Amino acid sequence: MKPFLPTLLFSAFVFSGATYAASMDSNTVMVGGTAMYPSKNIVENAVNSKDHTTLVAAVKAAGLVPTLEGKGPFTVFAPTNAAFAKLPQGTVDSLLKPENKQKLTSVLTYHVVAGKLDMKALEKKIKAGGGKAALKTVNGASLWVMANGPHNIQLKDAQGNVANITTYDVNQSNGVIDVIDTVLMP
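For every chain, the first residue of the written sequence is number 1, and numbering continues from 1 along that sequence. Where totals are concerned, whole chains, interfaces and linings use all residues; where local detail is concerned, this predicted model gives features only for residues with pLDDT of at least 70, and gives and counts side-chain atom pairs only at 80 or more. To obtain the side-chain values, all non-hydrogen atoms of the structure were used and water was disregarded.

The subject of this paragraph is the confidence of the model for the protein chain. Along the chain, pLDDT gives the predictor's confidence residue by residue, from 0 to 100. Residue-level pLDDT values for the protein chain average 88, and 86% of them are 70 or greater. In the model, residues 4-24 has pLDDT below 50 throughout and makes 5 contacts with residues more than four positions away in sequence or in other chains. When checking whether two residues touch, look at their non-hydrogen atoms; a contact exists if any pair is within 4.5 Å.

The following block contains the structure:
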């Protein structure tokens, strides 16, 4: 009976590894220590990223969850917690107050573009624009994408702030997320 136990444990290990591998297809990207599954929508994935808890709280406070769970497609430039921490002290707390919901919504929708723009699509727009391209955001204002070397795209907001895309092409069932290191301001 003793040889049976190691065989059983080995079989269980192999089966669980195969199940995990099957759930992680080639388009699955790790963000915030968690797998982002292309079969899930933007909100379903973002709530699991430990690097985006501030963004998720802001999306909830602004009432944008139903929109970002919608059909889309959307391109979301998702600032990390560290990006929010770079804002002047008290900014995030102020934006999260109910009386500032309109301003919060404006800031968040400035990070969203209609359509699915992966890295190749952004590079194509940059090339067509001679090194820089304007993107119309969901809030109606523009932000600019520009190349900063090969495979390094930056975003510039209306106030001149520049964000680097640190993780590209996090595919979702309703769009794509690119992780950025700075909060963009309309």
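This part takes up the nonpolar core. Membership of the largest hydrophobic core comes to 29 residues, with the highest contact counts inside it found for Val59, Leu68, Val76, Leu108, Ile177 and Val183. In terms of residue count, helix α3 (residues 53-62) provides more of this core than any other element does, 4 residues in total. Sequence-distant contacts of valine 183, that is, excluding residues within four places in its chain, are made with Pro79, Ala83, Phe84, Leu87, Val107, His111 and Asp157. Within the second largest apolar cluster, 18 residues are counted, among which are Leu122, Ala163, Ile180 and Leu184. The definition of a nonpolar core used throughout is a set of buried Ala, Val, Leu, Ile, Met, Phe, Trp, Tyr and Cys residues joined through side-chain atoms within 4.5 Å. When a residue's accessible area, from a 1.4 Å probe over protein chains only, is under 20% of the maximum for its type it is buried; when over 50% it is exposed; and in between it is partly exposed. A run of H or I in DSSP counts as a helix once it spans at least four residues, and a run of E counts as a strand once it spans at least two, with each numbered from the N terminus.

Within the element layout of this structure, threonine 80 appears in the loop between β3 (74-79) and α5 (81-85). Judged by its relative accessible area of 16%, threonine 80 is buried. Apart from residues lying up to four places away in sequence, threonine 80 is in contact with Asp51, His52, Val179 and Ile180.

Our next topic: the environment of alanine 158. Looking at the element boundaries, alanine 158 is found in the loop between β7 (153-156) and β8 (162-172). The spacing of alanine 158 and leucine 184 is 26 residues in sequence and 8.2 Å in space, taken between C-alpha atoms. The contacts of alanine 158, once residues within four sequence positions are left out, are Tyr110, Trp144, Met185 and Pro186.

This part covers the pairing of β7. At least two DSSP bridges between two strands are needed for those strands to be called paired. Bridge analysis of strand β6 (residues 142-147) against β7 gives 4 bridges, and the strand direction is antiparallel. Across the sheet, residue valine 145 finds its bridge partner in β7, namely leucine 155. The turn linking β6 back onto β7 is made up of 5 residues, and glycine 149 within it adopts a positive phi angle of 95°. Of the strand pairs in this sheet, β7 and β8 are connected by 3 bridges, and their pairing is antiparallel. Paired with glutamine 154 across the two strands is asparagine 164, which belongs to β8.

Here we come to the sheet that holds β8. Judged by pairing direction, the sheet is mixed, and its 7 strands sit side by side in the order β4-β3-β9-β8-β7-β6-β5 without closing on themselves. At either margin of the open sheet sits one strand with a lone partner, and together these are β4 (112-114) and β5 (132-136). Direction aside, the axes of adjacent strands within the sheet are offset by 30° on average. In the sheet, β3 pairs with β4 via 3 bridges, with the strands oriented antiparallel. Only the stretch in contact is used when a helix axis is fitted, and all axes are lines through C-alpha atoms; the angle between N-to-C directions ranges over 0 to 180 degrees.

On to helix α8 (residues 119-128), then. Residues spaced three or four apart along an α-helix face the same direction, because each turn holds 3.6 residues. By the burial criterion, the buried members of α8 are Met119, Leu122 and Ile126. The arc that holds every buried residue of α8, seen down its axis, measures 65°, which confines them to one face. Seen from the open side of α8, the exposed residues pointing more than 90 degrees away from its buried face are Lys120, Lys124, Lys127 and Ala128. Contacts from the buried residues of α8 go to β3, β5, β6, β7, β8 and β9 (175-180). In the segment just after α8, glycine 130 is the residue with positive phi, at about 70°. When we speak of the arc, we mean the arc of directions from the helix axis to the C-beta atoms.

The next point concerns unusual backbone geometry. As a rule of thumb, non-glycine residues mostly have phi less than zero, and peptide bonds are mostly trans rather than cis. Residue proline 73 is bonded to the preceding glycine 72 through a cis peptide linkage, with omega at 5°. Within the secondary structure, proline 73 sits in the loop between α4 (65-68) and β3. With a phi close to 55°, aspartate 169 is a non-glycine residue in the positive phi region. Note that aspartate 169 resides in strand β8. The exposure class assigned to aspartate 169 is partly exposed, which follows from its relative accessible area of 23%.

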